[in-house]
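Structure assessment
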Amino acid sequence: MPTLAALFCLIPSNHSLNHVWRFCSWLVRILFFKGTETDLVIAQHTVFHLPLAFFCIEWVAVGAAFVTSIVWTIRSPRGSSPGRWIAAIARRRKLAVLLVFLCTLAGRMAMLNTNPLPRPHIADEFGYLLAADTYEHFRLTNPTPPAWHHFETIHQLMVPTYMTKYPPAPGLWLALGQLLFHSAAIAVLLSCAAMAAAVCWQLQAMMPPVWAFLGGLLAAVRLGTISYWADSYWGGALTAFACCMLLGATARWARRPSVSMALVAATASLVAINCRPFESGLLVLGVFASLAWQARHSLRRTFPIRAVAAFVVVIAIGAAAMALDNRAVTGKAGLLPYVLQTQQYGVTPALVVQKAPPPTHAYHYNGAAVIYTRFERLPYDDEHTLSGYVVNLLGDKLGTYGRFYLGPSLVLLLLGVPAALTRRKDLPFTLLILLAVLVVALETWTQPHYLASFVGVFYFIFLLSARYIRTWGRSRRIGVILVRTVGLACLFSLLLRVVLLPRGEFAAWDGIAATDWGRPHVLDRLNHEPGNHLVMVAYRFKNEQNYDEWVFNSADLDSQKVIWAHTLAPEESDAGLECAFADRQPWLVTLWYVGESHSERYSLQKLPPPVCGEASTR
């Protein structure tokens, strides 16, 4: 699919022959495995970027699975022992959900030797961890720190309060992990296991139990173990869990209305919207619009007073809590932290149909200008030309989502999707797929977890497609071979990942490979130094390219052994910062970014203690 999308991207170009030649040479490099990763760049757009090593090894797994499936089907044309075991487990629905949960945990824990619990790297991760640390201290937000201009960083507010811009649900979940297990990483693993179990529970309300069980296991392998959702604090699993619970609850509600399902649906809606408001909000609207349409001839039976009242009460309590959180963080009950942070720093709308504000912000350190005016803005500017929008949509967006949610292992399921989407009783899911397409078309940036709200929809379509494919061929042998190939390919890829492949080379299905980032090394060194420390960070750019932000802190700066801060522009003094933290040993980290590659060099320099008057210290 990514290759096909890239080929389509050649159409709007003014130099088609040159682009065709570049595409063919790129394809040859893939086929002969030269290098571990590669880019296809057309008309100054990166069409897509492949973690080539794992992508190739997964195709090898698909080939091995196909051969194994043929042999298996020839030797066992009337079924097999594994199939009977799976069917026996699936009939015990609660046991099936529990086993999916435990299998997800076991799969991820089996990789701890080569792939330990994640350390934060991306700016978004530090934002969620800031929220978790805040909630762990039983606060909704934090006071603005002294000399706050030095602590400005990506995705965080400094005024009127110090807090992340993101909705509260992921931070609350991570805080629960820190309170119960003293580790936010454990909360990540539990959210992935809960997501896979929720997929199984949702599908049990929509199809035969054996297919629901297989769908849960598929989600456990594809998303819950070796995707970046299980390898970072970036999110995805919690959103998917909430939305799968919503889909499962409304399916049961439509069949037999009850207060319990109304409560589950309302709670799941609140959690989903407080993870990803835009995408989850569209899904919630689509789900309840479909439910109302299906029940249009029996509204009283489908929406009894007690169930509706329970739903409304939970939603009202959740809305009041959201307003309280907004008021604590931004000072206004109706102003989201995300919106306020964009007003203060951003110059790029989240949707391509929105008008971009003029770049009038004054940034106090040079890294902020790089992030907000170049790295975030370039996709928006590209998508405001016809060729740029087509290249971005077909190459970047569809390629990214296709590799993550399908990949080589599930691509065979596309064969049955047309039949799955045209079945009359499942037309509501066609509507939800169209909403997912709308999200892809409208959003400026692209990350797989942006569509986490639609995981339940995708897996319903995948399993429905597999059920259609399984009926193909004489005595259904062709369909059985194809469906078994999908399952075995996922299993083989997982086993290869667990047993053979080191994390640095094969990070995830379509995840983020580990990079040699200097910040953890500096932090480890200073943690072994006596006393407390203040690290001032200065960036030096040869070109204005993307970079790794170093300045992230916890909710309580005074409790940190190492505080991170930016040096300000040359015309602004850093003396106020040093004197505000005069009890700490100051250090200077200078980072150099040269060339277009995402690489850094840094130096660490110990500074003399500041000379401050008594009035200038805290």
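This part is about the overall build of the protein chain. When helices and strands are counted, the protein chain shows 25 helices and eight strands. Burial statistics for the protein chain: of 618 residues in total, 53% are counted as buried.

Note on placement: His149 falls in the loop between helix 6 (123-136) and strand 3 (156-157). Residue classification places His149 among the partly exposed residues on the basis of a relative accessible area of 25%. Ignoring any residue separated from it by four or fewer positions in sequence, one finds His149 in contact with His364 and Leu568.

Let us now look at unusual backbone geometry. Omega for the peptide link from Val159 to Pro160 comes to 5°, which places this bond in the cis form. With respect to the helices and strands, the residue Pro160 is situated in the loop between strand 3 and strand 4 (163-164). Phi is positive for Ala147, which is not a glycine, with a value near 50°. On the secondary structure map, Ala147 appears in the loop between helix 6 and strand 3. Of the residues examined, Ala147 reaches a relative accessible area of 29% and is grouped as partly exposed. Not every positive phi belongs to a glycine, and His182 is a case in point at roughly 60°. Relative to the elements of secondary structure, His182 occurs in the loop between helix 7 (168-181) and helix 8 (184-204). Given the relative accessible area of 72%, His182 is considered exposed.

For the rest of this paragraph, the subject is the packing of helix 8 against helix 9 (residues 209-222). Relative to each other, helix 8 and helix 9 sit at 160°, their axes nearing to 8 Å. Classified by the interaxial angle, the pair formed by helix 8 and helix 9 is roughly antiparallel. Considering how the two elements wind past one another, helix 8 and helix 9 form a crossing that is right-handed. Counting all contacts with helix 8, which are made through Met195, Ala196, Val199, Cys200, Leu203 and Gln204, the residues of helix 9 involved are Trp211, Ala212, Phe213, Gly215, Gly216, Ala219 and Ala220.

Here the focus is the sheet that holds strand 8 (residues 601-606). Spatially, four strands are ordered 6-5-7-8 in an open sheet, and the strand pairing comes out mixed. Among the strands making up the open sheet, the edge pair consists of strand 6 (562-566) and strand 8. Here the average twist between neighbouring strands, direction ignored, is 25°. In this sheet, strand 8 lies alongside strand 7 (residues 585-593) in antiparallel orientation, the contact comprising six bridges. By the bridge assignment for strand 8, Val589 is matched with Leu604. Along the sheet, helix 24 (residues 518-527) makes contact with strand 5 (533-541), strand 6, strand 7 and strand 8, crossing strand 6 at roughly 135°.

The next point concerns the packing of aromatic side chains. Taken as a whole and assessed by the stated rule, the structure comprises 21 aromatic pairs. When the ring of Trp253 is compared with that of Phe288, the centres are 6.2 Å apart and the planes differ by 80°; the resulting orientation is edge-to-face. Of the two residues, Trp253 sits in helix 10 (residues 237-255) while Phe288 sits in helix 12 (residues 277-294), which places them 35 residues apart along the sequence. Residues Tyr345 and Tyr372 carry aromatic rings whose centres are separated by 5.8 Å and whose planes lie at 20° to one another, so their mutual orientation is stacked. Taken together, the residues span a long stretch of sequence, with Tyr345 in helix 15 (residues 337-345) and Tyr372 in helix 16 (residues 366-375) at a distance of 27 residues. Like Tyr372, Tyr345 is buried. An aromatic cluster is present here, built from Tyr228, Trp229, Trp234, Phe404, Tyr405, Phe454 and Phe458 joined pairwise through their rings.

Looking at the element boundaries, Glu578 is found in helix 25 (residues 575-580). It turns out Glu578 is buried and unbridged, and the closest side chain with the opposite charge, Arg584, is 12 Å from it. Once residues within four sequence positions are removed from consideration, Glu578 is found in contact with Leu534, Met536, Pro586, Pro608 and Pro610.

On to helix 9. Over its 14 residues, helix 9 extends 20 Å from the first C-alpha to the last, a length consistent with the 20 Å expected when each residue adds 1.5 Å. Within the span of helix 9, buried status applies to Trp211, Ala212, Phe213, Gly215, Gly216, Leu218, Ala219, Ala220, Val221 and Arg222.

Attention shifts here to empty space enclosed by the protein. Enumeration according to the criterion identifies four cavities of 30 Å³ or more in this entry. Along its surface, the largest cavity is lined by 19 residues, and Pro170, Trp234, Gly235, Gly236 and Leu238 are the ones closest to its centre. When contributions to the lining of the largest cavity are tallied by element, the ones reaching two or more residues are helix 7, helix 8 and helix 10. Its residues assigned to classes, the lining of the largest cavity comprises twelve nonpolar, six polar and one charged. Glu152, Thr153, Tyr345, His364, Tyr365, Ala368 and Tyr372 are the residues that line the second largest cavity. Grouping the amino acids of the lining of the second largest cavity by side-chain chemistry returns four nonpolar, two polar and one charged.

What follows concerns the confidence of the model for the protein chain. The predicted structure's coordinates, where accompanied by low pLDDT, should not be read in detail. Here the protein chain averages 84 in pLDDT, and 84% of its residues register 70 or above. In this model, residues 1-17 is a region of pLDDT below 50 whose contacts with residues beyond four sequence positions or in other chains number 29 contacts. Note that residues 503-508 has pLDDT below 50 and, in this model, 20 contacts with residues that lie over four places away or in other chains.

Turning to a nonpolar patch on the surface, a few remarks are in order. A contiguous nonpolar surface patch, about 540 Å² in accessible area, is contributed by Phe138, Leu176, Leu179, Leu180 and Phe181. Within the secondary structure, Leu180 sits in helix 7.

This part is about the state of the cysteines. Throughout the structure, instances matching the rule amount to one disulfide. Paired through a disulfide, Cys579 and Cys612 show a sulfur-sulfur distance of 2.0 Å. On the S-S bond that ties Cys579 to Cys612, the torsion sits near -90°, and the link is left-handed. Placement of the pair is Cys579 in helix 25 and Cys612 in the segment after strand 8, with a sequence separation of 33 residues. The class of Cys579 is buried, set by a relative accessible area of 8%. Here Cys244 stays free of any disulfide, with the sulfur of Cys243 as its closest cysteine sulfur at 7.3 Å.

It is worth spelling out the pattern of salt bridges at this point. Within the structure shown, the criterion is met by six salt bridges. The partner of Glu279 in a salt bridge is Arg276, and the shortest N-O contact between them spans 3.2 Å. Per residue, the accessibility class of Glu279 equals that of Arg276, and both read buried.

Each value, and the rule that gives it
Residues numbered from 1 in each chain as written. Predicted model: local features only at pLDDT ≥ 70, side-chain atom pairs only at ≥ 80, totals over all residues. Heavy atoms only, no water. Helix = DSSP H or I, 4+ residues; strand = E, 2+ residues; numbered from the N terminus. Buried < 20%, exposed > 50% of the residue type's maximum accessible area, 1.4 Å probe, protein only. Contact = heavy atoms within 4.5 Å. Axes fitted to C-alpha atoms, helices over the stretch in contact; angles between N-to-C directions. Parallel < 35°, antiparallel > 145°, perpendicular 65-115°, else oblique. Left-handed = near helix turned anticlockwise from the far one by under 90°. Pairing = 2+ DSSP bridges. Phe/Tyr/Trp six-rings, centres within 6.5 Å; stacked < 30°, edge-to-face > 60°. Lys, Arg positive; Asp, Glu negative; His and termini not counted. Salt bridge = Lys/Arg side-chain N within 4 Å of Asp/Glu carboxyl O. Expected span 1.5 Å × (residues − 1). 1 Å grid on protein atoms, 1.4 Å probe; cavity = no way out; pocket = protein on both sides within 12 Å on 5 of 7 lines; lining within 4 Å. Points joined across faces, edges and corners; volume = space filled by probe spheres on them. Nonpolar A, V, L, I, M, F, W, Y, C, P; charged D, E, K, R; others polar. pLDDT = per-residue confidence, 0-100. Patch = residues over 30% accessible without salt bridge, like charges linked within 9 Å, V, L, I, M, F, W, Y side chains within 5 Å. Areas by Shrake-Rupley, 256 points an atom, 1.4 Å probe, with all protein chains shown as cover. Disulfide = S-S within 2.5 Å.

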